[in-house]
Amino acid sequence: MRPVYYTFTFLVLFSFNLLMASDADIVPVGEASFEKVELYLDIEKCDCNNIVKIIKQDLGLYRNFFNLDNNKATSLITARLVKVIAKDDNVVESEEPQAKKPNELDQRILLELYNKDATSPFFSKEHELDASRVRWNAHEVSGQIFKAITKKDPIFHSKMVFISDQGDEKKPLKYKQIFISDFDGFNIEKVTNTQGHILSPAVSNDGSKLVYSLIDSSSDSSNVQLRIIDLETKQDNVLSDLSGINSGAVFLPGDKELVLTLSHSGNAEIYKLNLMT
């Protein structure tokens, strides 16, 4: 499953207004209302503080849905995390078993969700731990907690696309480039390396491609060029280089066509571009 991408073309400062709940913790949203869930994280049998810290940050984004500042006695739901360590002989083989070193240990986190005073969980799932993907592991557990309780898809594996001139600590980049990061700003990756000004990045619906417009400073042409990047291979190609503006492109459903602005005819008009021909 490909991640969901969110695109930011400039820095936006978000201000969060904390909504004060009533004694019953009922928070109105328009004419509707929902009850804030008192959620307790039971980590007594999970030596995984680094993962728990990220889980709390993830769920903390939904502070109007969850209250994590409580104890087991007052919580409506308890999320119990247990680190499971099994030797090879006790590990159930997956559909695609991988060779393991002798005596290698398989580490997992068992997530169980309990209603108040319940002795059996209403949700249970194990997550394999990958030491090289700690944040991914934590986002996965956060997402399972969120979806099991709210019945909605989480955003914790989503990506952000943004334009920035961030370089190293001493010197910013000469030209702003396109970057991709996790939804919480970690794991930043530079996608472009252009010599010009970038405009209007947009990601395909399936998350596999990205289009953007470029004013190429290395060219004598004043054209605003339209380019497309394959986010898996990082191949960057020109889509449209007509005279004038080639900008504002967005993918239509199915990702086989774009809608964009072209001005080669004199006036800036909206066109549809077929990517399959």
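Model, not experiment: these values are computed from the prediction. (Residues numbered from 1 in each chain as written. Predicted model: local features only at pLDDT ≥ 70, side-chain atom pairs only at ≥ 80, totals over all residues. Heavy atoms only, no water.)

This next bit is on the sheet that holds strand β12 (residues 196–203). Spatially, the four strands line up as an open sheet ordered β12-β13-β14-β15, and their pairing is antiparallel. The open sheet has two edge strands with one neighbour each: β12 and β15 (236–240). Taking the axes of each pair of neighbouring strands and ignoring which way they run, one obtains an average angle of 30° across the sheet. The pairing of β12 with strand β13 (residues 209–216) spans six bridges and is antiparallel. Pairing of Ala 202 across the sheet is with Val 211, part of β13. (Pairing = 2+ DSSP bridges. Helix = DSSP H or I, 4+ residues; strand = E, 2+ residues; numbered from the N terminus. Axes fitted to C-alpha atoms, helices over the stretch in contact; angles between N-to-C directions.)

Let us look at helix α1 (residues 49–60). Counted at 1.5 Å a residue, the expected span for α1 with its 12 residues is 16 Å, and the 16 Å between its end C-alpha atoms agrees. Within the span of α1, buried status applies to Ile 51, Val 52, Ile 54, Ile 55, Asp 58 and Leu 59. All buried residues of α1 lie within an arc of 160° about the axis, which places them on one face of the element. Those residues of α1 that are exposed and aimed more than 90 degrees away from the buried face are Asn 49 and Lys 53. (Expected span 1.5 Å × (residues − 1). Buried < 20%, exposed > 50% of the residue type's maximum accessible area, 1.4 Å probe, protein only. Arc of directions from axis to C-beta.)

This part is about the nonpolar core. Within the largest apolar cluster, 27 residues are counted, with the highest numbers of intra-cluster contacts made by Leu 39, Ile 55 and Ile 145. Within the residue set of this core, elements represented by two or more residues are β4 (37–45), α1, β6 (77–87), β7 (105–115) and α2 (134–150). Of all the elements, α2 adds the most residues to this core, at six residues. If we ignore the near neighbours within four places in the chain, the residues touching Ile 55 are Leu 41, Leu 81, Ala 138, Val 141, Ser 142 and Ile 145. (Core = buried A, V, L, I, M, F, W, Y, C linked by side-chain atoms within 4.5 Å. Contact = heavy atoms within 4.5 Å.)

What follows covers the side chain of Asp 255. Residue position: Asp 255 is located in the loop between β16 (246–251) and β17 (257–262). Separated by 2.8 Å, the side chains of Asp 255 and Asn 205 make a polar contact. (Polar contact = N/O pair within 3.5 Å; in protein donor to acceptor, adjacent residues only side chain to side chain.)

Here we take up α2. Taking 1.5 Å as the rise per residue, α2 with 17 residues should run 24 Å; its terminal C-alpha atoms sit 24 Å apart, in good agreement. Here α2 lies mainly inside the structure; 14 of its 17 residues are buried. Note on α2: the residue one or two positions beyond its end, Lys 151, has a positive phi of about 65°.

Below, the discussion takes up the packing of aromatic side chains. Enumeration according to the criterion identifies seven aromatic pairs in this entry. An angle of 45° between the planes, with centres 4.5 Å apart, marks the rings of Tyr 62 and Phe 146 as tilted. Placement of the pair is Tyr 62 in the loop between α1 and β5 (66–67) and Phe 146 in helix α2, with a sequence separation of 84 residues. Comparing Tyr 62 with Phe 146 shows no difference in burial state: the two are buried. Measuring from centroid to centroid gives 5.7 Å for Phe 156 and Phe 183, while their planes differ by 55°, and the two rings are tilted. Here Phe 156 is found in the loop between α2 and β9 (159–164), whereas its partner Phe 183 is found in the loop between β10 (177–182) and β11 (189–190), with 27 residues between them in sequence. Both residues of the pair, Phe 156 and Phe 183, count as buried. Here a set of aromatic residues connected by ring pairs shows up, and it is made of Tyr 62, Phe 65, Phe 66, Phe 146, Phe 156 and Phe 183. In this structure, Arg 133 is placed above the aromatic ring of Trp 136, and the distance from its NZ or CZ to the ring centre is 4.4 Å. (Phe/Tyr/Trp six-rings, centres within 6.5 Å; stacked < 30°, edge-to-face > 60°. Lys NZ or Arg CZ within 6 Å of the ring centre and 35° of its normal.)

Time to look at the sheet that holds strand β18 (residues 269–274). In space, the three strands of this open sheet follow the order β16-β17-β18, with antiparallel pairing throughout. Here the strands that pair on one side only, and so sit at the sheet edges, are β16 and β18. On average, adjacent strands in this sheet sit at an angle of 30° to one another, irrespective of strand direction. Bridge analysis of β16 against β17 gives four bridges, and the strand direction is antiparallel. Bridge pairing in β17 links Asn 246 to Leu 262.

Turning to its location among the elements, Asn 137 is positioned in helix α2. Its relative accessible area of 6% is what places Asn 137 among the buried residues. Along the primary structure Asn 137 and Ile 55 are separated by 82 residues, whereas in three dimensions their C-alpha atoms are 9.5 Å apart. Setting aside anything within four residues of it in sequence, one finds Asn 137 in contact with Ile 51, Glu 128, Leu 129 and Asp 130. One polar contact links the side chain of Asn 137 to the main-chain carbonyl oxygen of Asp 130, over a distance of 3.0 Å.

On to the pattern of salt bridges. Applying the stated criterion across every chain, the model contains eight salt bridges. Salt-bridge contacts for Glu 112 lead to Arg 80; the nearest nitrogen and oxygen are separated by 2.9 Å. Taken together, the positions of Glu 112 in strand β7 and Arg 80 in strand β6 put the pair 32 residues apart, joining distant regions of the chain. Measuring nitrogen to oxygen at the nearest pair gives 2.7 Å for the salt bridge that ties Asp 184 to Arg 135. Remark: Arg 135 occurs in helix α2 and Asp 184 occurs in the loop between β10 and β11; sequence separation between them is 49 residues. (Salt bridge = Lys/Arg side-chain N within 4 Å of Asp/Glu carboxyl O.)

Nothing here speaks to function; it is all geometry.
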